[in-house]
Amino acid sequence: MNSTITFPPLAPALKLTRPPTEKWAATLAEERRRLQEDQEALREREANLRDYETRLRALQAELETGRAAPPTAARIAAKPFLRPTSAAPFSDDAALQVAWEKFYRARELMEAEQSHLRDDRISTSGTTAEMRRREAAVTAREARVAAQEAALAASELKREPIASEHTMSAMTRLTRAPFEMARSVFRGKR
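Residues numbered from 1 in each chain as written. Predicted model: local features only at pLDDT ≥ 70, side-chain atom pairs only at ≥ 80, totals over all residues. Heavy atoms only, no water.

### Here we look at the overall build of the chain
Consideration 1: Across its full length, the chain carries five helices and zero strands.
Consideration 2: Across the 190 residues that make up the chain, the buried fraction comes to 1%.
Consideration 3: Looking at the chain as shown, the accessible area adds up to about 18,800 Å², and 61% of this sits on carbon and sulfur atoms. (Helix = DSSP H or I, 4+ residues; strand = E, 2+ residues; numbered from the N terminus. Buried < 20%, exposed > 50% of the residue type's maximum accessible area, 1.4 Å probe, protein only. Areas by Shrake-Rupley, 256 points an atom, 1.4 Å probe, with all protein chains shown as cover.)

Here is the structure:
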């Protein structure tokens, strides 16, 4: 065997170039800074929401205690612009329910009428279009008939009546017929 021949390795050696680690480090630091800012903003929002929730709970408790206890002079004097709470305007739930049912029924009837009106408008527009089409056809037909009548009248005017047709009697025409026949035969032989 020949030992001077060398074969390349079976798998090629892959060499990947990697970006410098400083670039990755800078990008990573930038991402961490953004995440920290976002996390701080979320904490601030969360704190604001907690404060808002506590204010709402306090206001709700105040409203509930205001309904339970009648307003006192000291409380009214402490908050002069606060209106005292009143009862709901519709304390009778049955009457309110009946009113809502009437409202819903009226709304359904109005929607049904709107759909009928829309359908009527569509059919009316279709009928109007059909009538216009028929009117145009009748107008065109009248124009054709008028043109035909004018052409007929013009041809009648151009045609001169033959004097012999109107002045000869039946006996004269009968006696001339054989001569006219002979004359037409004679003309045909030429």
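Read on for the rest.
### Quick notes on a nonpolar patch on the surface
Consideration 1: On the surface, a nonpolar cluster with roughly 370 Å² of combined accessible area is contributed by Tyr52, Leu56, Leu59 and Leu63.
Consideration 2: Within the element layout of this structure, leucine 59 appears in helix H1 (residues 21–68).
Consideration 3: For leucine 59, a relative accessible area of 45% gives the class partly exposed. (Patch = residues over 30% accessible without salt bridge, like charges linked within 9 Å, V, L, I, M, F, W, Y side chains within 5 Å. Salt bridge = Lys/Arg side-chain N within 4 Å of Asp/Glu carboxyl O.)

### Observations concerning the confidence of the model for the chain
Consideration 1: Predicted confidence across the chain gives a mean pLDDT of 81, with 73% of residues reaching 70 or more.
Consideration 2: By mean pLDDT, the top-scoring element of the chain is helix H3 (residues 93–158) (92), and the lowest-scoring one is helix H2 (residues 73–78) (55). (pLDDT = per-residue confidence, 0-100.)

### Let's talk about the pattern of salt bridges
Consideration 1: Taken as a whole and judged by the stated rule, the model has twelve salt bridges.
Consideration 2: Taking the shortest distance from any N to any O, the salt bridge between arginine 43 and glutamate 40 comes out at 3.7 Å. Within this pair, arginine 43 and its partner glutamate 40 are both found in helix H1, separated by three residues, close to a single helical turn.
Consideration 3: Judged by its relative accessible area of 48%, arginine 43 is partly exposed.
Consideration 4: Residues glutamate 111 and arginine 107 are paired through a salt bridge, measuring 3.3 Å at the closest nitrogen-oxygen approach. Placement of both glutamate 111 and arginine 107 in helix H3 is noted, with a separation of four residues, approximately one turn of the helix.
Consideration 5: Look at arginine 107 and you get partly exposed, because its relative accessible area is 38%.
Consideration 6: Salt bridges here are not isolated pairs; linked through shared partners, they connect Glu30, Glu31, Arg33, Arg34 and Glu37.

### Points about the packing of aromatic side chains
Each aromatic ring pair is described using two quantities: the centre-to-centre distance and the angle formed by the ring planes.
Consideration 1: Counted according to the given criterion, the structure contains three aromatic pairs.
Consideration 2: For the pair tryptophan 100 and phenylalanine 103, a centre-to-centre distance of 5.7 Å together with 85 degrees between the ring planes defines the contact as edge-to-face. Of this pair, tryptophan 100 and phenylalanine 103 both sit in helix H3, three residues apart, roughly one helical turn.
Consideration 3: Residues phenylalanine 103 and tyrosine 104 carry aromatic rings whose centres are separated by 5.9 Å and whose planes lie at 55 degrees to one another, so their mutual orientation is tilted.
Consideration 4: Looking at phenylalanine 103, the relative accessible area reads 47%, which means it is partly exposed.
Consideration 5: With relative accessibility at 47%, the residue tyrosine 104 sits in the partly exposed group.
Consideration 6: Within the aromatic cluster, the residues linked to one another by ring pairs are Trp100, Phe103 and Tyr104. (Phe/Tyr/Trp six-rings, centres within 6.5 Å; stacked < 30°, edge-to-face > 60°.)

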